[in-house]
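Examination of the molecular architecture
Residue strings, one per chain:
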Amino acid sequence: MRFRITKNSEGSVYSIVVSGELDDDGGWDILQIAQTMLNMPHCRELIIDVRSAMIDDELSVFNTDTLTSVFEENLLRKDSALVVRFRDESEICLCSDQLPLEEPLAFVNVSINEAKFFGRAMKWVEQEARFMVH
């Protein structure tokens, strides 16, 4: 088995092109490499191309159950996609369609009057909480 790793000019789409004879052990090796690549911060799409590989009949790695269990955590962390392309021009595509969460802002722009009003209210709540504890 041989494989070649490529990426597009933006560095967001990576490809693993596999050739030669692919057995179960080689399939697991490819999945391990693919998992590491999909975890890279700039990788938004990973394509595993096995169209030019001679796939062993016993190969059980590239089915949806296995791919989901291996890549589920990486797909949930960021907006990304995994595509596996087969010789018969079929493909399996797993994508998260999840945009990264925005970090909440620590401060909000408010007028001085609102800040004073809420500041007094917060001081009152703090004092009441202290009285309740004692």
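Since this is a predicted model, take the numbers as computed values, not measurements.

**Brief notes about the environment of S19**
- By the element assignment, S19 lies in strand β2 (residues 13-22).
- What makes S19 partly exposed here is its relative accessible area of 28%.
- As a C-alpha pair, S19 and A53 span 34 residues in sequence and 4.2 Å in three-dimensional space.
- In this structure S19 touches M1, R2, S52 and A53, once residues within four positions along its chain are discounted.

**Some points on the sheet that holds strand β5 (residues 91-95)**
- Within the open sheet, the five strands sit side by side as β1-β2-β3-β4-β5. Their pairing is mixed. Each having just a single partner strand, β1 (2-7) and β5 make up the two edges of the open sheet. Each strand axis lies, on average, 10° off the axis of its neighbour in the sheet, ignoring direction.
- Note that strand β3 (residues 45-55) and strand β4 (residues 81-85) share five bridges and pair parallel.

**A few points about the confidence of the model for the protein**
- Confidence in the prediction of the protein, expressed as mean pLDDT, is 83, and 87% of residues score 70 or more.
- The secondary structure element of the protein with the lowest average pLDDT is helix α3 (residues 112-133), at 73, and the one with the highest is β2, at 92.

Rules and cut-offs
- Residues numbered from 1 in each chain as written.
- Predicted model: local features only at pLDDT ≥ 70, side-chain atom pairs only at ≥ 80, totals over all residues.
- Heavy atoms only, no water.
- Helix = DSSP H or I, 4+ residues; strand = E, 2+ residues; numbered from the N terminus.
- Buried < 20%, exposed > 50% of the residue type's maximum accessible area, 1.4 Å probe, protein only.
- Contact = heavy atoms within 4.5 Å.
- Pairing = 2+ DSSP bridges.
- Axes fitted to C-alpha atoms, helices over the stretch in contact; angles between N-to-C directions.
- pLDDT = per-residue confidence, 0-100.

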